[in-house]
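Each chain, written out:
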Amino acid sequence: MTSLFLQITTTPADTTSMLMDGAETAENSVSLMDLAMAGGWAMIPLLLLSLAAVYIFFERYLTLMKASKNPDGFSDRIKSMVLAGDINGARMLCAQTNTPVARMLGKGISRIGNPLKNIETSIENVGKIEISKLERNLASLATIAGAAPMLGFLGTVTGMIQAFIAIAQAEGTISPQLLSGGIYQAMVTTAAGLIIGLPAYVGYNYLVSKIDNIVHGMEYSSIEFIDLLQEPQL
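The structure presented is a predicted model; accordingly, all values stated were derived computationally and were not measured.

Chemist: Give me the lowdown on the overall build of the protein, citing residues and values where you can.
Modeler: Counting secondary structure elements, the protein contains 10 helices and 0 strands. When the helices and strands of the protein are read in sequence order from the N terminus, they spell out α-α-α-α-α-α-α-α-α-α. A burial count over the protein gives 31% of its 234 residues as buried. When contacts within the protein are restricted to residue pairs at least 6 apart in sequence, long-range pairs at least 24 apart make up 78% of them. For the protein, the accessible area works out to roughly 14,800 Å², and carbon and sulfur atoms hold 64% of it.

Shown next, in the form of C-alpha cells:
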C-alpha cells in the first residue's frame, strides 16, 4: 500500500506544471464571440438573416396554430342553425370565430338566397384570400434558407482570397499566423451559413405542411357547406 501511495503522489513541481498547462489551454481556447469576429463582414448579414428567420418562423407558427383551431362543434352548430333557418345566428357565430373556415362559411351564409354558383364563387374567393394570409412571409423564410449558405460560401471565398494574398505578399518563411485570418473567415462563415440555412429550410417545410393541413380542412368545410345548401329541406 505504501509503494502504491508513493507512485500516485505528485510533487509540487508536477502540480505547478499541470496548473501551467491548464492555464495555457484556457488561454488558447477560442470563445464563440471570437469565432464570430473572425468571420469578418459576412457575419453581420448572417446575423440579420438568423434574426429574421427566427422571427418569421415563430410568428407564422403562432398564426397557423390559431388558424387551425376551430371551436368544438363549430361545424355542427352552423349546420343545425342553417337547417333551422337561423341565418342571422349562423352569421353571428361565424363573425365571432376568428378562423379562416369561419370567415369562408360566413361569406357563404351571407350569400344564401343567391344562385349556388355565386355562393361557391364567394367562398372560393375568401378561401384564396385566407390562404394568401397564411402564406405571408413564407417566401422570405425560403429565401433565407437558400441565401444563408450562399452568403457563407461567399465569405469562404473572400477569406481564401485574403489568405492567398497574404502568401503572395509574404517575404521569406510563411508563418501560420499569416494565414490564420483568412482561413478563420473561410471556415467560420461556411459553418454559420449552414447553421442558419438548415434550420430555416426545415422550419419552412414544417410551416408548409401546417398550411396544407389547414387548407384541406377549409376545402372539406366548404364542400360540406355546399352539400348542406343542396339538401331537400332547404
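Chemist: Could you give an account of the packing of helix H7 (residues 100-110) against helix H8 (residues 116-134), with specific residues and numbers?
Modeler: Close contact between H7 and H8 brings their axes to 8 Å; oriented N to C, the two are set at 155°. When the axis of H7 is compared with that of H8, the two are roughly antiparallel. Relative to H8, the crossing made by H7 is right-handed. Contacts between H7 and H8 pair Pro-100, Arg-103, Met-104, Lys-107 and Gly-108 from the former with Ile-119, Ser-122, Ile-123, Val-126, Gly-127 and Glu-130 from the latter. When grouped by side-chain class, the residues that make up the contact of H7 with H8 number 5 nonpolar, 3 polar and 3 charged.

Parameters at a glance
- Residues numbered from 1 in each chain as written.
- Predicted model: local features only at pLDDT ≥ 70, side-chain atom pairs only at ≥ 80, totals over all residues.
- Heavy atoms only, no water.
- Helix = DSSP H or I, 4+ residues; strand = E, 2+ residues; numbered from the N terminus.
- Buried < 20%, exposed > 50% of the residue type's maximum accessible area, 1.4 Å probe, protein only.
- Contact = heavy atoms within 4.5 Å.
- Areas by Shrake-Rupley, 256 points an atom, 1.4 Å probe, with all protein chains shown as cover.
- Axes fitted to C-alpha atoms, helices over the stretch in contact; angles between N-to-C directions.
- Parallel < 35°, antiparallel > 145°, perpendicular 65-115°, else oblique.
- Left-handed = near helix turned anticlockwise from the far one by under 90°.
- Nonpolar A, V, L, I, M, F, W, Y, C, P; charged D, E, K, R; others polar.

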